[in-house]
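Reading the structure
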Amino acid sequence: LDTNLNSPPAGIELCRVRAVGFADADTIAIDSIFQMVIERGDLFEPRFVEIQSVALTAPAKRKLITEPYNILPQEFPAKDNLSLRMRLVVPNDRNHQAGICRYDFDKKRWVWRGDSRFDNGVLTAGTPSGGSFVALRDLDPPTISKLSITARRVIADSRPTISFTVVDTLSGIADDRSFDIRLDRKWMIPEYDPESGASMETAPAGTL
């Protein structure tokens with residue numbers, strides 16, 4: 001809304017309001033890109049849900065694949081995740097690195113949905129409530145810090161523990177299987193703590 005009624009609108013914002021939870025499943029599509037599916041079992045009771053398409057200026061959407069979409073209310077109780085679909089209509093060889101993100105208003109940043117998947121030109125993810133959603137590509141590699149060993153260091157321990165901290169600010173690190181760590185071409189079994197971001201491996205005797 002704009003209090004200056006003489007100013008031209010920045011763009012057209014589409015919205016759609018539906019009563020959901022009466023049918024076995026409700027599909028709400030506001031355009032050819034964004035779609036939400038709510039099954040009756042996802043909700044505690046029927047309710048109204050609104051979807052908005054948000055028009056942004058060019059600088060604000062520079063890193064976004066799609067325009068943002070709002071699902072309102074921002075917060076409401078649900079039994080299970082609601083299903084989101086975003087179709088990426090522009091082919092790109094990096095679309096497989098894309099995911100659906102929800103905006104965190106407290107931290108002021110987009111947060112990757114952990115179950116986000118890309119297949120056949122379509123992104124899918126679940127959300128336990130409403131919010132603001134967009135498609136982003138994660139093109140920045142994780143950063144590694146606090147590595148416990150250094151180049152040309154002499155280590156007397158035949159089975160040293162190698163530790164480091166890894167951080168990925170968008171799609172994140174899933175679990176131990178996200179790491180492929182090798183010493184002398186031999187695969188090391190990693191241990192990863194998602195709370196601290198720390199990973200450690202014990203090198204077998206004879207590798208250093």
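Residues numbered from 1 in each chain as written. Predicted model: local features only at pLDDT ≥ 70, side-chain atom pairs only at ≥ 80, totals over all residues. Heavy atoms only, no water.

F34, M36, I71 and M86 are the most contacted members of the largest nonpolar core, which totals 22 residues. Counting only elements with at least two residues in this core, the list comes to strand 3 (34-39), strand 4 (47-53), strand 5 (69-72), strand 6 (82-87), strand 7 (98-104), strand 10 (122-127) and strand 11 (131-137). I162, L183, M188 and Y192 belong to the second-largest nonpolar core, a separate cluster that totals eight residues. (Core = buried A, V, L, I, M, F, W, Y, C linked by side-chain atoms within 4.5 Å. Buried < 20%, exposed > 50% of the residue type's maximum accessible area, 1.4 Å probe, protein only. Helix = DSSP H or I, 4+ residues; strand = E, 2+ residues; numbered from the N terminus.)

One open sheet holds the six strands; their spatial order is 1-4-5-11-7-8, and the pairing between them is antiparallel. The sheet terminates laterally at strand 1 (15-20) and strand 8 (109-112), the two strands that pair on one side only. Neighbour-to-neighbour, the strand axes of the sheet open up by a mean angle of 30°, direction not taken into account. When strand 7 meets strand 8, the two strands line up antiparallel, connected through four bridges. (Pairing = 2+ DSSP bridges. Axes fitted to C-alpha atoms, helices over the stretch in contact; angles between N-to-C directions.)

It is worth spelling out the side chain of T127 at this point. Examined against the element boundaries, T127 turns out to sit in strand 10. The class of T127 is buried, set by a relative accessible area of 0%. Setting aside residues no more than four positions away along its own chain, T127 makes contact with D80, N81, L82, L84, R102, R113 and F133. (Contact = heavy atoms within 4.5 Å.)

Okay, the sheet that holds strand 3 next. The five strands lie next to each other as 2-3-6-10-9, forming an open sheet whose pairing is antiparallel. The open sheet has two edge strands, strand 2 (25-29) and strand 9 (117-119), and neither has a second partner. Taking each pair of neighbouring strands and ignoring which way they run, the sheet shows an average axis angle of 20°. By the bridge criterion, five bridges tie strand 2 to strand 3 in an arrangement that is antiparallel. Paired with I28 across the bridge in strand 3 is M36.

A few words on the packing of aromatic side chains. If you walk through the whole model with that rule in mind, you get three aromatic pairs. Taken together, a centroid distance of 5.1 Å and an interplanar angle of 70° make the contact between Y103 and W110 edge-to-face. (Phe/Tyr/Trp six-rings, centres within 6.5 Å; stacked < 30°, edge-to-face > 60°.)

A few words now on unusual backbone geometry. Leaving glycine aside, a negative phi is the common case for residues, and trans is the common case for peptide bonds. Each neighbour pair has its own omega, and for L72 with P73 the value is 0°, a cis peptide bond. The phi torsion at N120 lies on the positive side, around 55°, for a residue other than glycine. Inspection of the secondary structure assignment puts N120 in the loop between strand 9 and strand 10.

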